[in-house]
Amino acid sequence: MAEITLGAAPDREQQADLIARYEQERPARRLSGRVGLLATTVAVLVSVYALVAVFRPQPVLQYRITFLAAVLPLTFLAYRGRSRRRAAEDRDTPDVVDWVLALLSVAVLVYPLVTFDEWVQRQTDPTALDVAAGLVLLALVLEATRRTVGPVLPVICLVFLAYGWLGGLIPASWDVGHRGYDVPRLIGSLYIGTDGFFGVPLDVAATYIVLFTVYGAVLDHSGAGKFFVELSLAAFRRSRTAPGRTVTLAGFLLGTVSGSGVATTVSLGSVAWPILRRAGYPKDQAGGVLAAGGIGAILSPPTLGAAAFLIAELLNVSYLKVLLFATVPTILYYVGVLLAIEIDARRFGAREAGYEAPPFGRLLLRFGYHFSSLALIVALMAVGRSPFQAVVIATLVAFALSFLDPAHRMTPRRTVSALAQGTLGVLPVTATTAAAGVIVAVVTLTGLGLKASGVIVDLAGHNLALTAVFAALAVLLLGLAVPVTASFIIAAVIIAPAFLATGATQVEAYMFVFYYAVLSEVSPPTALSAVAAAAITGGNAFRTMLMAWRYTLPAFLVPFAFVLTPNGEALLGERPLGQVVLATVVAILAVAALAVVTGGWMFAPAGPVERLLAAGAAVLLLWLEPLPAGLGLALLAAAAAVNLVRRARGVAVARPVAEAATPGWVEALGRRRGLAAALACLAVLGACAVGVAQGSGTTRLSVATGQTTGVYYVYGGRLAQVITENLAGVEATAEATGASVDNIKLVARSDTYLGFTLADTAATAVQGTGKFTEPQPIRALAYLYDNYTQVAVKGGSGIRRLADLRGKRVSLGAPNSGTEVTARRLLQAAGLDPDKDVRGQRLGLNESVQAMKDGTVDAMFWSGGLPTGGIKDLTSADRDVRLLDTTDVLDELRAKYGPVYREVLIPAATYGLPGDVRTVGVPNYLVVNERMNDELAYQLTKLLFDHKADLVRGHPEARKLDPAKAPATEPVPLHPGSLRYYRERGTAS
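Only a predicted model underlies this, so the values are computations on that prediction, with no experimental measurement involved.

### As for the overall build of the protein chain
Here's step 1: Along the protein chain, the regular secondary structure elements total 45 helices and 10 strands.
Here's step 2: Here the protein chain holds 989 residues, and 60% of them are scored as buried.
Here's step 3: By element, 61% of the accessible surface of the protein chain is carried by carbon and sulfur atoms, the whole surface being about 35,900 Å².

Take a look at the structure:
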């Protein structure tokens, strides 16, 4: 390792050492020789595979598995299994254990690809070989995560797995208890389907992150990073606050290249620390400036951090929309940082720093083309291109423009290096997202997310303000233990629902969680960007953390305005432009007031009176309402008047405070970071174990629902809660599944399951056909509502009816979903073989919508309620998209499968269509095992109608519950207990 002199600017090799030492997600080996050549070759191939897949998309699940099959083995070769100190005693190359782990990774990930069609059907009933392979993959993912980000996240994963396995032993008096799941069921959820290892988190790493990492690498190799720093230096040439401003601007620009807070901080430090030192910045303040500038890159458009891509997926909105959400908060963040820098420069008497830089105009004219690819990303997304296509095109443009600078043109060597860096840079994020999939799978399988959010709401007394405080603390505690990406994923499934339950919108909830996940990176005692900055400046690590925290304090308070204030949505761009501008101006004044409070300076040193007045002004201004804002302005004006009087009396400028040694307890806390963080995270989970006693002899039910983005999961979650609250001696949990087919299989195996299912799938179950080899012992409790078959096609494609899909690229729905069953039947009724006559892809809703936008499929099937968010997004983004009338095959369907299909109407206003669309409807049923106790079935059926209003608060589809229509569940017989209830109501004979 290169020696680093404290207080000296590091060279390029030392920068790499600092990044490796202090960044959670990059403690990698430096491979060379044949191993280095192999790793580079594989990394280049993975990057090329990801780039090509944008224009020639693969089936989603197979793509994720293939990506992990290439990246996971590479992780074991590129990252050490032992401590850095022990590794330094021998050659820093992979050993036998590393190679064995790499080969095992290939084996357990190739296996599902070879047997995919059979393998994907076995999520709820895996074979012994599936379980063995899944256990091996679990161990490999946890080991890869330990190597890349440390032991805390794997320990948390094991805690969650223990919870999933032993949940049946948790006393019924604890709200987080559940039925408990055996190893095959847990492994099936982790290893098979899109809920565990291969879920949305991994998909984000395999698409958004790897593509943007390749783009950043190409920018860096083409000289953009050097240009951004030099431009920032030239922009603020002669001012005592110029060095601080330079760091802030350069941090924003460099973030588009690195996408990492630590890497940006170190890159900044190599250039900016000598300048800050000459300007008179004390070491700790300089480190705080560097860390604040570095971490701001993760909060800022146009690239943001990895968690922002997850927001786009979770909200089912375009990445451009997420950029718009982040625009005003980014402005407020940098205003806060710049004001803090201005104040500190005056407090400790900073001076002008002489340094050489080319003139700003000359730099911009000569190298300003580096901005073009950044602008192109935003422009392409604005005209409807996907972020994937936008970033690939921008990468090609950046590659071509590199030849304008002979010193940085993309030669074959540089091109290979950039492509390899793209994949190597994503290795730790891939391990993190795969491991986070373990947590997400357990949370959704056991219903913990729905329960934990309810506990937070109960602790807060259903008060939104207290919910926000508890949520902020919980996310910060999680951030002690895990990187930003993993922290956001965990918080999104456990904590964000608490906001929804107290009246916040999804956008507000996810953006709140996102900002606090990022800000955990600058929160003592584990602010790694600040630690890296202190290593460069030679400052005190803990005081540097505190300085970074102070510079970024406004960013901690502004998210509260998202969720608490009546006009908080305006800060996220969710109001008319005039309101957005007004809210931004008022919020900037609030941030300025906060800067006075934290910095102790206004026009002169600020005393307690001014700071107290400014604190009140900040709170009132952040309420973003006319009357409070007016009062806030008055308080701020009063603070200014008092400060001007103070200045007129000639108060001296404050001087720097002498530096003190770090307290021993601080260093000890830093050394025990992993243990403290793990205990903190366990404390968050433990807090959710406080509940209301429910008595002994509790019957534990599970409600088998569907994927977490669908109606079934939300509806089922609310149903489980209503059952628990209103049926004495019964506790229910909502369980995420693959939907209809999986639900019926689970119900058939146990009399303690309720399941949502489409009627056509249920019909094959009672007949023992299709996906079922024998009749299934299921009975119905009620008809719930209709699903609408929605077949979206591009205008001008020539597709007017289902038969026109011959030879077209068609998304048939996710594997094992009710949509896939319906789609295949409709195609067969139209005279088409789904396996031969169409180029079918098995994509989920979100992936299908994106594929339609990208033009990589010609049509998509979806069976769901009205309106479906994904379809609405598609028709809004492209007015040429039409929905097909599918009723021309209705007679054929009914002749072959019975009366489970019916004609329904999609009103034109639902999606802004030119006219109403007739289509095939499929009822949804709630089913149970025929062995369920008659009295329990009676009480469950009665509860549906007695507590209909409670269910409607969970999902509007519950409005369609009607005791007159509910008994119509043909061809599935009603359960005797349900039949008794309907007879008492007079709606069944």
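### Some words on the packing of aromatic side chains
The description of two aromatic rings rests on the distance between their centres and on the angle between their planes.
Here's step 1: Taken as a whole and judged by the stated rule, the model has 26 aromatic pairs.
Here's step 2: Seen from their ring centres, tryptophan 119 and tyrosine 191 are 5.7 Å apart, and the 80° between their planes marks the pair as edge-to-face. Here tryptophan 119 is found in helix 6 (residues 116-119), whereas its partner tyrosine 191 is found in helix 9 (residues 183-191), with 72 residues between them in sequence.
Here's step 3: Residue classification places tryptophan 119 among the buried positions, given a relative accessible area of 0%.
Here's step 4: Aromatic side chains phenylalanine 945 and tyrosine 982 sit 6.2 Å apart centroid to centroid with 75° between the ring planes, which places their arrangement in the edge-to-face category. In this pair, phenylalanine 945 is assigned in helix 43 (residues 934-946) and tyrosine 982 in helix 45 (residues 976-985), connecting sequence segments 37 residues apart.

### Here we look at helix 37 (residues 759-767)
Here's step 1: In terms of burial, helix 37 is largely enclosed, as seven of its nine residues are buried.
Here's step 2: Check the buried side of helix 37 and you find it contacts helix 36 (740-749), strand 3 (753-758), strand 4 (778-793), helix 38 (818-829) and strand 10 (917-929).
Here's step 3: At the C-terminal side of helix 37, glycine 768 shows a positive phi close to 70°.

### Structural notes on the nonpolar core
Here's step 1: Core analysis: the largest hydrophobic core is formed by 132 residues, its most contacted members being Leu211, Phe499, Met511, Phe512 and Leu571.
Here's step 2: Ranked by the residues each element gives to this core, the list is headed by helix 16 (residues 319-347), at 14 residues.
Here's step 3: Setting aside chain neighbours within four positions, we find phenylalanine 499 in contact with Leu464, Thr467, Ala468, Ala471, Ala504, Ala509, Phe512 and Val563.
Here's step 4: Residues Ala762, Val793, Leu812 and Ala937 belong to the second largest nonpolar core, which totals 81 residues.

### Concerning the environment of valine 141
Here's step 1: As for its placement among the helices and strands, valine 141 is situated in helix 7 (residues 128-149).
Here's step 2: You can call valine 141 buried: its relative accessible area is 1%.
Here's step 3: With 36 residues separating them in the primary sequence, valine 141 and serine 105 have C-alpha atoms 8.9 Å apart.
Here's step 4: For valine 141, the contacting residues outside a window of four places in its chain are Leu72, Phe197, Ala431, Ala434 and Ala435.

### Quick notes on the confidence of the model for the protein chain
Here's step 1: Overall, the predicted model of the protein chain reaches an average pLDDT of 79, with 79% of residues at or above 70.
Here's step 2: Counting contacts from residues 86-90, a segment whose pLDDT is below 50, to residues more than four positions away or on other chains yields three contacts.
Here's step 3: Scored below 50 in pLDDT, residues 687-696 shows 19 contacts in the model against residues more than four places distant or in partner chains.

### Let's talk about the packing of helix 2 (residues 33-55) against helix 3 (residues 60-78)
Here's step 1: As a packed pair, helix 2 and helix 3 sit with axes 10 Å apart at the nearest point and diverge in direction by 160°. Classified by the angle their axes make, helix 2 and helix 3 are roughly antiparallel. Handedness of the helix 2/helix 3 crossing: left-handed. Touching Leu38, Ala39, Val42, Ala43, Val46, Tyr49, Ala50 and Ala53 of helix 2 are Tyr63, Thr66, Phe67, Ala70, Val71, Leu74 and Leu77, all from helix 3.
Here's step 2: Here the contact of helix 2 with helix 3 is composed, by residue class, of 14 nonpolar, one polar and no charged.

### Some points on the environment of tyrosine 333
Here's step 1: Among the secondary structure elements, tyrosine 333 is positioned in helix 16.
Here's step 2: For the pair tyrosine 333 and threonine 552, spaced 219 residues apart in the sequence, the C-alpha separation amounts to 7.0 Å.
Here's step 3: Residues contacting tyrosine 333, with those up to four places away along its chain left out, are Ala292, Ile295, Gly296, Leu299, Thr552 and Ala555.

### Thoughts on the packing of helix 2 against helix 20 (residues 412-424)
Here's step 1: For the pair helix 2 and helix 20, the least separation of the axes is 7 Å and the interaxial angle reads 80°. One way to sum up the angle between helix 2 and helix 20 is to call them roughly perpendicular. Together, Thr40, Ala43, Val44, Val46, Ser47, Val48 and Leu51 of helix 2 and Val416, Leu419, Ala420, Gly422, Thr423 and Leu424 of helix 20 make up the contact between the two elements.
Here's step 2: Here the contact of helix 2 with helix 20 is built from residues that sort into nine nonpolar, four polar and no charged.

### Quick notes on unusual backbone geometry
Here's step 1: Cis geometry is found at the peptide bond from glutamate 970 to proline 971, where omega equals 0°.
Here's step 2: Within the secondary structure, proline 971 sits in the loop between helix 44 (948-954) and helix 45.
Here's step 3: Positive phi, close to 60°, is recorded for leucine 624, a residue that is not glycine.
Here's step 4: Its place among the elements puts leucine 624 in the loop between helix 31 (608-622) and helix 32 (626-648).
Here's step 5: The exposure class of leucine 624 is buried, given its relative accessible area of 8%.

### Some remarks on the pairing of strand 3
Here's step 1: Among the six residues in strand 3, six count as buried, and that is most of the element.
Here's step 2: Neither face of strand 3 is open: one carries Tyr753, Gly755 and Thr757, the other Leu754, Phe756 and Leu758, and all of them are buried.
Here's step 3: Looking at chain direction, strand 3 and strand 10 are connected through five bridges and run antiparallel. By the bridge assignment for strand 10, phenylalanine 756 is matched with leucine 926.

### Here we look at the side chain of aspartate 760
Here's step 1: Mapped onto the fold, aspartate 760 is located in helix 37.
Here's step 2: One buried charged residue, aspartate 760, remains without a salt bridge, the closest side chain of opposite sign being arginine 825 at 4.5 Å.
Here's step 3: A polar contact of 2.8 Å, which involves the side chain of aspartate 760, links it to the side chain of threonine 822.
Here's step 4: If near-sequence neighbours (up to four positions away) are discounted, aspartate 760 is found in contact with Val821, Thr822, Arg825, Val900, Tyr901 and Val922.

### Side note on the pairing of strand 10
Here's step 1: Counted residue by residue, strand 10 has 12 buried out of 13 residues, so it is predominantly covered.
Here's step 2: Where strand 4 lies against strand 10, nine bridges are found, and the strand directions are antiparallel. The partner of alanine 782 across the bridge, within strand 10, is leucine 926.
Here's step 3: As defined by bridge partners, strand 9 (residues 902-906) adjoins strand 10 across five bridges and the pair is classed as antiparallel. Of the residues in strand 10, the one forming a bridge with isoleucine 906 is valine 917.

### Examining the environment of phenylalanine 556
Here's step 1: Its location among the elements puts phenylalanine 556 in helix 29 (residues 553-564).
Here's step 2: As a C-alpha pair, phenylalanine 556 and leucine 519 span 37 residues in sequence and 7.3 Å in three-dimensional space.

### Topic: the pattern of salt bridges
Here's step 1: In the structure shown here, the tally under the stated rule is 23 salt bridges.
Here's step 2: Measuring nitrogen to oxygen at the nearest pair gives 3.1 Å for the salt bridge that ties aspartate 203 to arginine 64. Taken as a pair, aspartate 203 in helix 10 (residues 200-221) and arginine 64 in helix 3 lie far apart in primary sequence, 139 residues in all. By the burial criterion, aspartate 203 is buried, and arginine 64 matches it.
Here's step 3: A salt bridge links glutamate 610 to arginine 646, with the nearest nitrogen and oxygen atoms 2.7 Å apart. Here the residue glutamate 610 occupies a position in helix 31, and arginine 646 occupies one in helix 32, the gap between them amounting to 36 residues.
Here's step 4: Note on glutamate 610: relative accessible area 0%, which makes it buried.
Here's step 5: Judged by its relative accessible area of 26%, arginine 646 is partly exposed.
Here's step 6: Within this structure, Asp98, Glu143, Arg146 and Arg147 form a network of salt bridges that share partners.

### Points about helix 41 (residues 890-897)
Here's step 1: Those residues of helix 41 not exposed but buried are Leu890, Leu893 and Tyr897. Summarising the axial view, the buried residues of helix 41 lie within an arc of 60°, below the 170-degree limit, and thus occupy one face. Turned more than 90 degrees away from the buried face of helix 41, the exposed residues are Asp891, Ala895 and Lys896.
Here's step 2: Next to the buried residues of helix 41 lie helix 38, strand 9 and strand 10.
Here's step 3: Glycine 898 sits one or two positions beyond helix 41 and adopts a positive phi of about 90°.

### Re a nonpolar patch on the surface
Here's step 1: Together, Leu135, Trp165, Leu166, Leu169 and Val183 line one region of the surface with nonpolar side chains, adding up to about 490 Å² of accessible area.
Here's step 2: Here leucine 169 lies in the loop between helix 8 (152-166) and helix 9.
Here's step 3: Its relative accessible area of 71% is what places leucine 169 among the exposed residues.

Criteria and cut-off values
Residues numbered from 1 in each chain as written. Predicted model: local features only at pLDDT ≥ 70, side-chain atom pairs only at ≥ 80, totals over all residues. Heavy atoms only, no water. Helix = DSSP H or I, 4+ residues; strand = E, 2+ residues; numbered from the N terminus. Buried < 20%, exposed > 50% of the residue type's maximum accessible area, 1.4 Å probe, protein only. Areas by Shrake-Rupley, 256 points an atom, 1.4 Å probe, with all protein chains shown as cover. Phe/Tyr/Trp six-rings, centres within 6.5 Å; stacked < 30°, edge-to-face > 60°. Contact = heavy atoms within 4.5 Å. Core = buried A, V, L, I, M, F, W, Y, C linked by side-chain atoms within 4.5 Å. pLDDT = per-residue confidence, 0-100. Axes fitted to C-alpha atoms, helices over the stretch in contact; angles between N-to-C directions. Parallel < 35°, antiparallel > 145°, perpendicular 65-115°, else oblique. Left-handed = near helix turned anticlockwise from the far one by under 90°. Nonpolar A, V, L, I, M, F, W, Y, C, P; charged D, E, K, R; others polar. Pairing = 2+ DSSP bridges. Lys, Arg positive; Asp, Glu negative; His and termini not counted. Salt bridge = Lys/Arg side-chain N within 4 Å of Asp/Glu carboxyl O. Polar contact = N/O pair within 3.5 Å; in protein donor to acceptor, adjacent residues only side chain to side chain. Arc of directions from axis to C-beta. Patch = residues over 30% accessible without salt bridge, like charges linked within 9 Å, V, L, I, M, F, W, Y side chains within 5 Å.

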